[in-house]
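Per-entry structural report
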Amino acid sequence: MRQDGRNANELRPCEMQVGFVGTADGSCLIRCGGTRVICTASVDESVPPFLKGKGQGWVTAEYAMLPASTGRRKARDGVKKDGRSVEISRLIGRALRQAVDRRFLGERTITIDCDVLEADGGTRTASITGGFVALCCAVDKLIKAGKLKESPIVHQIAAVSAGIVEDVPSLDLCYVEDSAAQTDMNFVMDETGAFIELQGTGEGRAFTRQELMEILALGEKGIKELHQLQREALGDKAQVISPRRTLVIASNNAHKIREISEMLDEGLNVISMREAGFNGEIDENGDTFEENARIKALAVAKATGYCALADDSGLAVDALNGAPGVHSARYAGVHGNDAANNALLMENMRDVPQEERTAQFVCAMALCLPNGECTVVRGECPGLITYEPRGEGGFGYDPYFEYASGQTFSEMTEEEKNQVSHRARALQLMLPHLEEM
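The present account deals with the structure reproduced in this document. (Residues numbered from 1 in each chain as written. Predicted model: local features only at pLDDT ≥ 70, side-chain atom pairs only at ≥ 80, totals over all residues. Heavy atoms only, no water.)

1. Topic: the pattern of salt bridges
As a reminder, the rule being used: What makes a salt bridge here is a side-chain nitrogen of Lys or Arg within 4 Å of a carboxyl oxygen of Asp or Glu, nothing more. Runs of E in the DSSP output that reach at least two residues are strands. Runs of H or I that reach at least four are helices, and both are numbered from the N terminus. Only protein chains enter the accessibility calculation, which uses a 1.4 Å probe; a residue whose area is less than 20% of its type maximum is buried, one above 50% is exposed, and one in between is partly exposed.
One pass over the full model with this rule turns up 27 salt bridges. Residues Glu87 and Arg124 are paired through a salt bridge, measuring 3.4 Å at the closest nitrogen-oxygen approach. Highlighted residues: Glu87 in helix α1 (residues 83-97) and Arg124 in helix α2 (residues 123-144), separated in sequence by 37 residues. A relative accessible area of 31% means that Glu87 is categorised as partly exposed. Overall, Arg124 belongs to the buried group, its relative accessible area being 16%. Salt bridges linked by common partners bring Arg2, Asp4, Arg6 and Glu177 together as one network.

2. Some words on the packing of helix α5 (residues 254-263) against helix α9 (residues 422-435)
The packing of two helices is summarised by the inter-axis angle and the distance between the axes. As a reminder of what qualifies: For helices, the fitted axis covers only the stretch in contact; all axes are lines through C-alpha atoms, and the angles between them, taken along N-to-C directions, range from 0 to 180 degrees. Orientation categories follow fixed angle ranges, with anything under 35 degrees roughly parallel, anything over 145 roughly antiparallel, 65 to 115 roughly perpendicular, and all other angles oblique. Whether a crossing is left-handed or right-handed is set by the direction in which the near helix is turned from the far one by less than a right angle, anticlockwise for left-handed and clockwise for right-handed. Should any heavy atoms of two residues lie within 4.5 Å, those residues are considered in contact. Three categories are distinguished: nonpolar for Ala, Val, Leu, Ile, Met, Phe, Trp, Tyr, Cys and Pro, charged for Asp, Glu, Lys and Arg, and polar for the others, with Gly belonging to the last.
Viewed as axis vectors pointing N to C, α5 and α9 meet at an angle of 45 degrees, and their least axial separation amounts to 10 Å. It follows that α5 is oblique to α9 by the angle criterion. Seen from above, α5 lies across α9 with right-handed handedness. Between α5, through Lys256, Glu259, Ile260 and Met263, and α9, the contact on the second element is made entirely by Arg423, Ala424 and Leu427. Of the residues contributing to the contact of α5 with α9, the split by class is four nonpolar, no polar and three charged.

As far as function goes, none of this settles anything; it's purely spatial.
This is the structure:
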């Protein structure tokens, strides 16, 4: 038993009061044993000069101990800040930036201010844990105000101390324990168990690998418990943590949307342009598949505030110098007239011998984030142009496109086609980027 009656693996009693400061964009009063810290989040619609025009936000922090927080008056920070406060401010800022995908924050800054009311050990870890709660509250307010469509918070962050006191590995040290600790460590971790910051010092003596493992286990246990307490304090606002990302398919083509949706991760909320509220016309005036895909995705992402995935697909026939190419859907003059397009293709291919009827379906796929950041990939599926249509399925040029298997795309089931198509190949290249959203 420790001097406050806890077991070695127990946290101090911890409470988090959300909305403690009504004038802040987000706030939390956190109490860990005898330590109390007010954490407030303030939103500024601008970013530091080094981020201007980059479509990213910023998260920073300031830490200070109020004069009476230690029982003996501490002088307030003046023009020259206390070195310890500066070091802890940087630690809190580094830790909380790991919670946010700043590409989804927009060009705004969230500042977390942590003011220690009472210090009884673990003020920096309490500031990080409470600061995360204040950050979530600020993001929730931005979403409710319509300034953000989706939360940028991708990780849950908490921090705790542990150490060796009188040769016993112990969790969450109070001031008396901290000041006499033989080993003192601070852990900052996310919900996956990954370390964001790990500070450790053998202040009284060196520590062994076995002792390190014991301290690590205590830190992990404490972080898990603090994560649960954070979610309980946030209540409904906890929805801003690691949200299911919405992806708008930049198309109203039912065939295309179904085909792409079936190939995508179920972890994404996939919707059409119409479902996202976008009904505008997009002028696809690019000279390449890549340009058109980027134009569509960027227009939809900026208009809706969601991530957008667009593709520009078509048939490129070698004997026709790449035609129909970007004009595939309107090859015969009227957009989407499959019968007329295929008739013109057959007319233009009438005198082309079998060995020269090579072609490829091409798909350029663009993923654009609301901040304008775009990634473009290209997938190609080689094949031959047949003399006659075969098969009842598919659409467009599918009945005339024969894959290496000897089947036309129209003769394949959707599942078979989705495994080899140009769109499937492009999507495979895009999946790593979708997973990073």
